[in-house]
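Observations on the model geometry
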Amino acid sequence: MACLGRRSVAADAEDAPRVEPRHDAPPPPGWPEDVAFLTRPRLGPAFPPALIPLLLPQPTAQSPTSSPLSLSSSLSSSASSSTLLSASSTRFAPRATPHPAIVAIKRVTTPSHPAYGQRCLVARRRIAQGEMVIPYLGIIHADVVSEGEEEKSNKDPAHAESDYDLSLLRLSASDIRNPLPGHVSIGVDAAQAGNAARFVNDYRGVASKPNAEFRVGRGEAGELRMEVWALKGGIAKGDEVLVSYGKGWWGARRQ
Ligand SMILES: C[S@@+](CC[C@H](N)C(=O)[O-])C[C@H]1O[C@@H](n2cnc3c(N)ncnc32)[C@H](O)[C@@H]1O
């Protein structure tokens, strides 16, 4: 699955009536005025309550854990069944994560950069390898596809075209952790609301390799979330934070 969807940055500037975004806190410098700044992930309005336990902490958790992944891979293996089965509450109450001072939102001013004119994320100090750069916050949403309906396009249209949508968890219909009668795909979409992680660009056309990666992790309250982590070699002060969106993401855009 391509975890970043298809809404183009250009499509952000539509003729729709202007609605003031609902910020969690004053946004950091460089924040776009039509996107809500989040310090906590938000559940989308249609998120099925039965799926909330899948996002919750395991009572026996000792410390937050993170595992690397490609954007195009399923994350179903990243959260253990014991983690998910032991969650009994349905209260999703993540703690606030302020904008991290180690990164800044900048305009891409190099004409040869493939995201020229857009925004990017830059390290304000050296970020060591194995250090978390920033959690990826956005609207958490779910698609549930019943058996036999795989061919139908029943993805939530609010997120289907997003270029800021990461896959967080996927469960087959037969997975014992899955409370619903269909394939479940949970994503986090920062197109309309998110934090500075939404400005992480792909390394292609910018550098020879990524210096960061997306991982599944857990927030301070133990909730399942996506995070950006520095790779081997770290990220030098002033360098752009660059991940690989994965071949699946680029493949979907070449079709
Ligand atoms: C998650 S956003 C990244 C932040 C984006 N630059 C912005 O200002 O909002 C993904 C979008 O950034 C652009 N982008 C990021 N990395 C790119 C790359 N290596 N080549 C071309 N476009 C890229 C594409 O427009 C893509 O749809």
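Residues numbered from 1 in each chain as written. Predicted model: local features only at pLDDT ≥ 70, side-chain atom pairs only at ≥ 80, totals over all residues. Heavy atoms only, no water.

Observations concerning the pairing of strand β9 (residues 183-189)
This is how the line gets drawn: Buried residues are those whose accessible area, probed at 1.4 Å on protein chains only, stays under 20% of the maximum for their type, while exposed residues exceed 50% and partly exposed ones sit between those limits. Numbering of helices and strands starts at the N terminus; helices are DSSP runs of H or I of at least 4 residues and strands are runs of E of at least 2. Pairing between strands is defined by DSSP: at least two bridges between them are needed.
Among the seven residues of β9, six are classified as buried, and the element is accordingly described as predominantly covered. Pairing of strand β7 (residues 139-145) with β9 involves seven bridges; the strand directions are antiparallel. For V144, the partnering residue across the bridge sits in β9 and is V184.

Focus: the site of the ligand
Selection rule: Near, as used in this document, describes a residue that has one of its heavy atoms within 4 Å of the molecule or strand being considered. Polar contact is defined as a pair of N or O atoms within 3.5 Å, subject to the rule that within protein one atom must be able to donate a hydrogen and the other to accept it, and that residues adjacent in sequence are counted only when both atoms are side-chain atoms. Residue type decides the class: Asp, Glu, Lys and Arg count as charged, Ala, Val, Leu, Ile, Met, Phe, Trp, Tyr, Cys and Pro as nonpolar, and the leftover types, Gly among them, as polar.
The local shell around the ligand holds 15 residues, among which Q118, R119, D163, Y164 and R204 are the closest. A distance of 2.5 Å is found between an oxygen atom of the ligand and a side-chain nitrogen or oxygen belonging to Y164. With respect to the ligand, the backbone of R204 contributes an N or O atom lying 2.7 Å from a nitrogen atom. Elements supplying a minimum of two residues to the shell around the ligand: β11 (201-202) and α3 (247-254). For the shell around the ligand, a count of residues per class yields eight nonpolar, two polar and five charged.

Considerations on the nonpolar core
Let me state the cut-off plainly: Among buried residues, the Ala, Val, Leu, Ile, Met, Phe, Trp, Tyr and Cys ones that are joined through side-chain atoms within 4.5 Å form a nonpolar core.
Counting 48 residues, the largest nonpolar core has V133, Y136, I186, V228 and V241 as its most contacted members. Looking at this core, the elements with two or more residues in it are β4 (103-107), β5 (119-123), β6 (132-136), β7, β8 (165-171), β9, β12 (212-218) and β13 (224-230). Counting five residues, the second-largest nonpolar core is a separate cluster that includes A36, L38, L137 and I139.

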